[in-house]
Each structure stands twice: as C-alpha cells, then as structure tokens.
Amino acid sequence: MRVTHRMLAQTVNRNLRHNLRSMQKQSAQLSSGRMFTRPSQDPVGTYKVMRISGTGLMRNEQYQRNIGEGITWLTITDDALAEAVEAVQRLRELALGAANGTLADEDLKAISSEVKQILESLVGIGNTELTGLYIFGGHQTQVPPFQYNGSTVSYQGDPVNNGQRIVEITPQQTLPVNLTGDEVFGGTGTDLFQTVIDMYEALTVTHDQGMLGGDILQQLDAHLERLLQCRAEVGARADRLTSTEQRLKNEHIYLRELRSKIEDIDMAELITEFTMQQNAYYAALATGASMIYPSLVDFLR
Amino acid sequence: MGSTFGSFEIGRRALHAQQKGAQVTGQNIANANTEGYSRQLVLMKALVPPAAPGVETPPGYGVAISDIRRIKSEFYGDQIMKSTTLQNYWERVRETLDGIEIIFQEPEETGINTVLNEFFDAWQDLSVNPESHAVRLSLREQAEALTGLVRDIYGRLEELKFDVRKELQATVTQVNTLAAEIADLNKKITYLQALGKKSNELLDQRDLCLQELSKLVNIRVNQKASGSLEVLAGGCILLHDDRHFDLEIRDEGGQLAVYNEIGARLSIREGDGGIAGMLQSYNTVFPRYQGALNNLVSTLVNEVNDLHKGGYVFDGPTTGINFFTPVDPDLGAEALQFSISDEIKTDLNNIAAASQADHPGDGSNALKIARLREALIMEEGTATFHDYFRGVMADLGVEGREAERMSLAMERVMESLQEKQESISGVSLDDEMLNLVQYQHAYNAAARFLNVLDEMLGVLFSEIGS
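Predicted, not measured: the structure shown is a model, and the values here were computed from it.

S.K.: Just to check I follow, could you spell out the side chain of Gln29 of chain A for this structure?
M.R.: With respect to the helices and strands, the residue Gln29 of chain A is situated in helix H1 (residues 5-32). Those residues in contact with Gln29 of chain A that lie beyond four places of it in its chain are Arg34, Met35, Ile265 and Leu270 of chain A.

Here you go:
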C-alpha cells in the first residue's frame, strides 16, 4: 500500500483522538466516582440503579421513618399505660384499705381525697399528648378525648374499630400505632373513670365498705387486667416494629452494596487503566512528532 | 536516418515534457494538503514514426504528453459517500438522544425517578402525621417540585425539538446551495469537454461537493457521457446538467417531510444522512419521549385525583377535591398542564388525608395515595409508575447506545476507506520529490542533448565550411 504524509498525519491524529476519547471517559468516571452517569453508558445498569435508589433505598428509608414515628407513638402510649397501671394498683390498695372497716373518718377522708386526685390524674393520662396530639382519641387528636365535668367523665374520641392510626411498615404490612380511649379505659358507662367515681362516692357519700371490697375491687381488677393486656399488646407491636426496622436496615445495607457494585468504580483498577491510557497517549504524541515532519525534502540538497 | 534538425525537435519535446512533469509535480506539492485534491500523474508516450517497408525503422520522434491523469478510485469514492451518509445519520440521531439524556438527568438524584419517589414518600409521611401542618407543607412542596420538574423537562424537550426544526431548515438550504454549485460545475465541465479539454481541478471540486451533499442526504449519482451528472436525492431529482431543483420542508400535521420544488416527496429512510437523522428526531424520537411523559402525567393525575376526591379535608366534612389540576389532551400537552389544583394551592387543609369526615388523625387516604407507588397501573396494568418511567429511560439508553455504537462503527469504516482513498489519491511528498529530481535530471539531460547537437552541428559547419 502506498503511504502518503497526509496518511501518517491522519493516523497520528486518529490515534490521538481515540486515546483522548478513552481518557475522557475514564476521567469522567474517576471524577464522578461512577461507572456511568447516563442511560446510554449502561442502560441495564441505569434501570437497576434507578430501581435500587428509588423504589429500593428511598422507600426503605421511608418505612424506617414510619417505624420511628410508630415507635414514638407506642413508647408514649406504653408510658401512659404504665402510669395508669400504677394508679389502678394504688386504687386497689386504697379500696382494700377502705374496705377494712376499722379506719377513722379522717383516714377515709384522706383516702377519698387521694382517690379524687388519682381520678384527675387518670383523666390526665387519658388526655396524654404527643406534640400537641391527643394519643387516646383515635382520629380525634385535636381535642382532649376525656372530659371531666366534676361528676362524670365522657369519652369523645373515636371507637377502636374506627379510630386506628395505621402506619405502613412494609409494602405488605400495616400496623396500628395507637390505642383508643375505649380500648384502654373500657367502654362508656363501664370504664375505669366510672369505677373510680363509684369508688369515690362509696367513700364519701354512701360509705359502702362492702361495695368497696366487692364490686369496686372486682372492677379494679378487671381494669388492671385490661391495662396489662394493653401494655402487652403495645409491647408486641413495638417488638414487631423493632424487628421490621432491623430487617429494613439489613436490606438497606444490602441495597447500598448492590448499587455500589453496579455503579461505583473500582478506583485502583480505573487509575491503573487511566495511567496506561495516558502512557499510550504520550507514546502516540511522541511518535507523531517524529513521524509527521521528515520527508525526502529534508534530505535533498 | 531522420533529418538533421529532427533531432532538435526531439530535444524540444523532451524539454517541454519534462517541464510539464515538473509543473504537475509542483501542482501536486502545492495541493498536498488540499481537501478533496487527487494527485495528478503526467503520462508520457514515445512518439514512434510509421514503419515503412524497406526502410530502416527510425529511432522515433521523441516524447509527448498523452494525458495528465487524475488518480482516483471511483469505487472508494462511492463507498465513502455511502458510509458518510450512514455515519451522519447516526451521528445526528445520537446528538438528539444525547440532548434528551442530558435533559432527563437519570440516574442522577435530580431526575424524575427520585422526585416521584419523594412525592410518594411525602404521602407516606402524611399518612403517619395527618395533623402536621409542616408535613402538609412539605407534601405540597414535593408536589410542586414534581410538577415543576416534569413541566421543565417537557418544555426543554420542546425547545430542543424546535432547534432540530431550525437546523433542518438550514440544512435543506445547504443542500440547495450545494446542488446549485454542482449544477454550475456541470456546466463548466461539459463546456470544456465539448472543446475536448478537461479540468481535473473542476472534477475534484465537484467530487468534494458530492461528498458534502452525501453527509446531508442519501444521493444517487448518474454520470452522463457529456461529463455532466444527474443527482437524485431520496429517489427524487435534485439536479441534472445545469438545472437544480430546490428542496423545501413541509409540515404535515406535526410530521415534517422534504419535497423538491416540482412537488415530489423525498423518500427518506433510516440511515439516509443528516437530514434523515433530523427528520427521525423530530418525527419519532421526540414524540416518543414527550408522549411517555404525557402518558405518565395524565395517568398519575387521574389516579391521584380519583383517590384524593374520595378523601376528606383536615378535620372537616368537605370531600371531592382534586389534588392536581385535571389535564385535558385537547388543551395541548398534558405534561405542560401538570400542576397542583387551586384548592390545594390556597389551603393546605384541603389535602384529603382522611377517609372519613371530621377525622383529623386519619391518614388512611394519604396511605392509599402513597400506595399508588406500588400499584400496577401503567402498561395495561403490568407496571408501576416507576417501572414505566425506568423502562422509558432504559429504552432511551439502549437507543442512545445503539446510535453511538453505529456512529462510532461508521466512523471507523470511514477512516479506513479514507485511508485507502488517500493511499491512492493522496500526494506523497517523497514520490513528488523523486519525480521532481527525475524530471530535473531528464530536463538537464535534454538540454545537454541539445548542447551536444549544437556542438556537433558546429563542428560540421566549421569543418566543412572552412
């Protein structure tokens, strides 16, 4: 084949161009830290990365946030329940003491005023707030669910079948993170507050010691039983949240690794390749410089 | 034995021929770097006298220039034009797809994929905190970000599409200019040929014009005996002899087509040069990705609104509110109409998180909307919004990759064809220097020959005449 000087120049030019193109690609990868930044550089990788970052990681983080929120709700619910349990246990002691029948009037008075205080604090527990939301009102979080008018306590929240706060924790799992007032304190008319009001009346108005040791004590036991069941329920839900959170965290690590495998560069490998490419480029430059110029012109007088 | 002065004639012809040789060598060297120049070769022939019976054959009359030949391979010329056409098509399509990729910015964190996920995340947040003003505000901001991004992307696609149209207009003008130029060269070349002459430079110029033309459109060239050319573009006449037919663009209901001035529609297919790449971009590529956005938007708006209308505002009985402004294909591109409804814009409490009236703590309707992320709604119930969009981006990637691969492959083919062509037609300075030295020596020798003849005649005249 006949070779002309223009061909030599074009070959050098072409080689330099090809080298530069590779170097440009590699330096883009090195500076971004990623194998590809555009769909056409790796369509399948793009598809996978979009799925892993979006539907995978972002959704995973969202569920973790949901769970965090759920755990806050359940924790504060459990705290309130613990206080309620303590209060009911104290009421039970007081009822037992008052039913004894050997107490002086002053003692009964002291008991009755403590019962009254406990009633008020129980109403307070029923109206527990979390960042301005009443947690025992079902969906009625804007107003205190329990109203005490001095003689009765009325529940204004949603019933359990209609007031659950449902939180999604995985695409297939939802979980209520609240307990409604009726669930915790009993249905209207037979609720804990009514029992305490009845107890107060038995202490102050009817002085019915038999009732204190009988009905009231039985009712208090039933309330205590329900409260403990509620705590068990809350504990079980919190366990479920915690274990799901752990699973989500594991998945998060796995997804991040997966994404990294697809899109992150192998720094050592790429730098080696880049250096090799650079050497090739310099070699092409050097040979180009020595090839382009001389022709017979330089050697004829 | 020839005549005495016949030998002078041999010398004269030799000087003339060698000088011509040096002159052509000079022309070659001068044009060593001229684009489209084909090296020329001086062909000499020995002049032989007719043989006569009984007479000793004389040594000949000397030398004559038989032709100054343009060294060019028609085969490679044709191949180069065909590959040029193909390469420019893929290069142009690739340019469009590149532009679209840059606009979509996937898989970056600023793309629709991420923002759409953030939108659904915001609904999740609302489902957990339906009472929170801050969460409602953040949801509205996410929705603004999503609608704004989609409108922006669509608008930029529209701008890019408009640019392609302008470029097509300019390119068609360029074709017309080249056609006029070739027609003009046809005229000059046929004129010279009629006079029995030829100009290698004009032929080179015409080849260069054809080469330029083949970048833009698929041409077929028919050589005529007169030296003139007939050129067809897309199967329609573009020029013959000194007459050319201007091309023009016509808009046929949003689809562009190219016609020549006598009303014939050019048949332009995949691979048919830069113009085909622009037509493909304008008529097919942009509508495909813009259509995908419209499809995504109209479905998303309808699905979100359907659920949202079934929900209730914060702590109140009002229902039936649209979250997004409903889109109507009759009013133009759905993607450009993508926006939040006025009700939501004016009052955050109108975001219907609850499934029941007067249930401020109910986030179940928000959860229903958040679950649209998982719902198989697109592609006849086989894909989620994200699956669909990811699929579109993967298609964009595959298409872009294909165009890049084809364009690079054609570039390689072109390079090797051009190298072959250059190998045949290119000027080698070494060759030319050798030729020059040869011509110089031959010229010197011919001059010396005349000198010797002169001396011989001098001897003859002086010896005999004295």
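S.K.: Hey, could you run me through the sheet that holds strand S6 (residues 243-244) of chain B in this one?
M.R.: All names here are of chain B. Read from one edge to the other, the open sheet built from four strands follows the order S3-S4-S5-S6, with strand pairing classed as antiparallel. The open sheet has two edge strands with one neighbour each: strand S3 (219-223) and S6. Examined bridge by bridge, strand S4 (residues 229-233) and strand S5 (residues 236-240) share four bridges and lie antiparallel to one another. What sits directly across from Val231, in S5, is Leu239. Lying over the sheet, helix H5 (residues 200-216) contacts S3, S4 and S5, oriented at roughly 155 degrees with respect to S3.

S.K.: Looking at this structure, how should I read the domain arrangement of chain B?
M.R.: Accessible area lost upon the coming together of the parts is a frequently used measure of interface size. All names here are of chain B. Assigned domains of chain B: these are domain 1 (4-71 + 427-465) and domain 2 (80-412). The interface of domain 1 with domain 2 comprises 10 residues on the first partner and seven residues on the second. Interface area, domain 1 with domain 2, both sides summed: about 680 Å², of which 35% is carbon and sulfur. A per-residue breakdown of the area domain 1 buries against domain 2 is headed by Gly36, Gln40 and Arg70, which together make up 60% of the total. Summed over the shared surface of domain 1 and domain 2, the result is three salt bridges.

S.K.: Honestly, the packing of aromatic side chains in this entry has me stumped. Any pointers?
M.R.: Working definition: an aromatic ring pair is given by the centre-to-centre distance plus the angle between the planes. All names here are of chain B. Here the structure, examined in full by the defined rule, presents 17 aromatic pairs over all chains. With a centroid separation of 6.3 Å and an interplanar angle of 85 degrees, the aromatic rings of Phe119 and Trp123 are classed as edge-to-face. Of this pair, Phe119 and Trp123 both sit in helix H3 (residues 112-128), separated by four residues, roughly a single helical turn. You can call Trp123 buried: its relative accessible area is 0%.

S.K.: Mind showing me how you'd approach the interface of chain A and chain B here?
M.R.: Each partner contributes residues to the interface: chain A has 52 residues there, and chain B has 63 residues. Roughly 5,100 Å² is buried in total at the junction of chain A and chain B, and carbon and sulfur atoms are behind 50% of that figure. For chain A, the biggest contributors to the area lost against chain B are Arg2, Arg6 and Met50 of chain A; these three give 15% of the whole. Between the two partners, chain A and chain B, sit 35 residue pairs in polar contact (both at pLDDT 80 or more). Elements with a contribution of two residues or more to the side of chain A that touches chain B: H1, helix H2 (43-99) and strand S5 (166-170) of chain A. If you tally residues by element for the side of chain A that touches chain B, the top one is H2 of chain A, at 15 residues. Within the side of chain A that touches chain B, the residues separate by chemical class into 17 nonpolar, 20 polar and 15 charged.

S.K.: In this structure, what is going on with the nonpolar core? I would like to understand it.
M.R.: Core analysis: the largest hydrophobic core is formed by 96 residues, its most contacted members being Phe104, Ile112, Phe119, Trp123, Leu293, Phe323 and Phe385 of chain B. Among the elements that make up this core, the one with the highest residue count is helix H4 (residues 133-194) of chain B (18 residues). Phe104 of chain B has contacts with Gly111, Ile112, Ile153, Leu157, Tyr289, Leu293, Phe389, Met393 and Leu396 of chain B, leaving out every residue within four places of it along the chain. Core analysis: the second largest hydrophobic core is formed by 54 residues, Trp73, Ala87, Val196 and Leu248 of chain A among them.

S.K.: Even after reading the chapter, I still don't get unusual backbone geometry, so can you show me in this structure?
M.R.: Of the consecutive residues Glu106 of chain B and Pro107 of chain B, the connecting peptide bond is found in the cis state with omega at 0 degrees. Examined against the element boundaries, Pro107 of chain B turns out to sit in the loop between helix H2 (74-104) and H3. The phi dihedral of Thr131 of chain A is positive, around 40 degrees, even though this residue is not glycine. Here Thr131 of chain A falls in the exposed class, since its relative accessible area comes to 73%. In this structure, Asp315 of chain B is a non-glycine residue whose phi angle is positive, near 50 degrees.

S.K.: Would you take a moment to explain the pattern of salt bridges for this structure?
M.R.: Side chains carrying opposite charge are able to pair once their charged atoms draw close together. A full pass over the atoms with the stated rule returns 42 salt bridges over all chains. Across the pair Glu422 of chain B and Arg6 of chain A runs a salt bridge, and its minimum N-O distance is 3.4 Å. In this pair, Glu422 of chain B sits in helix H11 (residues 385-425) while Arg6 of chain A sits in helix H1, so the two residues belong to two different chains. Beyond isolated ion pairs, a larger network of salt bridges with shared partners links Arg14, Arg17 and Arg21 of chain A together with Glu411, Glu415 and Glu419 of chain B.

S.K.: Would you explain a nonpolar patch on the surface in this entry?
M.R.: On the surface, Phe5, Leu460, Phe461 and Ile464 of chain B cluster together into a nonpolar patch covering about 460 Å² of accessible area. For Phe461 of chain B, the position within the fold is in helix H12 (residues 429-465).

S.K.: What am I meant to see in the side chain of Gln124 of chain B here?
M.R.: Among the secondary structure elements, Gln124 of chain B is positioned in helix H3. What Gln124 of chain B contacts, discounting residues up to four positions off in sequence, is Gln62, Tyr63, Asn66 and Glu168 of chain A together with Leu367, Ala370 and Arg373 of chain B.

S.K.: Explanation requested: helix H1 (residues 6-30) of chain B in the structure shown.
M.R.: Every α-helix carries 3.6 residues per turn, so stepping three or four residues along brings you back to the same face. Taking 1.5 Å per residue, 25 residues should reach 36 Å; H1 of chain B reaches 36 Å between its end C-alpha atoms and fits that length. Buried residues of H1 of chain B: Gly11, Ala14, Leu15, Ala17, Gln18, Gly21, Val24, Thr25 and Asn28 of chain B, and no others.

Each value, and the rule that gives it
- Residues numbered from 1 in each chain as written.
- Chains lettered and ligands numbered in written order.
- Predicted model: local features only at pLDDT ≥ 70, side-chain atom pairs only at ≥ 80, totals over all residues.
- Heavy atoms only, no water.
- Helix = DSSP H or I, 4+ residues; strand = E, 2+ residues; numbered from the N terminus.
- Contact = heavy atoms within 4.5 Å.
- Pairing = 2+ DSSP bridges.
- Axes fitted to C-alpha atoms, helices over the stretch in contact; angles between N-to-C directions.
- Domains from an automatic or database assignment.
- Buried area = accessible area lost by both parts, 1.4 Å probe.
- Salt bridge = Lys/Arg side-chain N within 4 Å of Asp/Glu carboxyl O.
- Phe/Tyr/Trp six-rings, centres within 6.5 Å; stacked < 30°, edge-to-face > 60°.
- Buried < 20%, exposed > 50% of the residue type's maximum accessible area, 1.4 Å probe, protein only.
- Polar contact = N/O pair within 3.5 Å; in protein donor to acceptor, adjacent residues only side chain to side chain.
- Nonpolar A, V, L, I, M, F, W, Y, C, P; charged D, E, K, R; others polar.
- Core = buried A, V, L, I, M, F, W, Y, C linked by side-chain atoms within 4.5 Å.
- Patch = residues over 30% accessible without salt bridge, like charges linked within 9 Å, V, L, I, M, F, W, Y side chains within 5 Å.
- Areas by Shrake-Rupley, 256 points an atom, 1.4 Å probe, with all protein chains shown as cover.
- Expected span 1.5 Å × (residues − 1).

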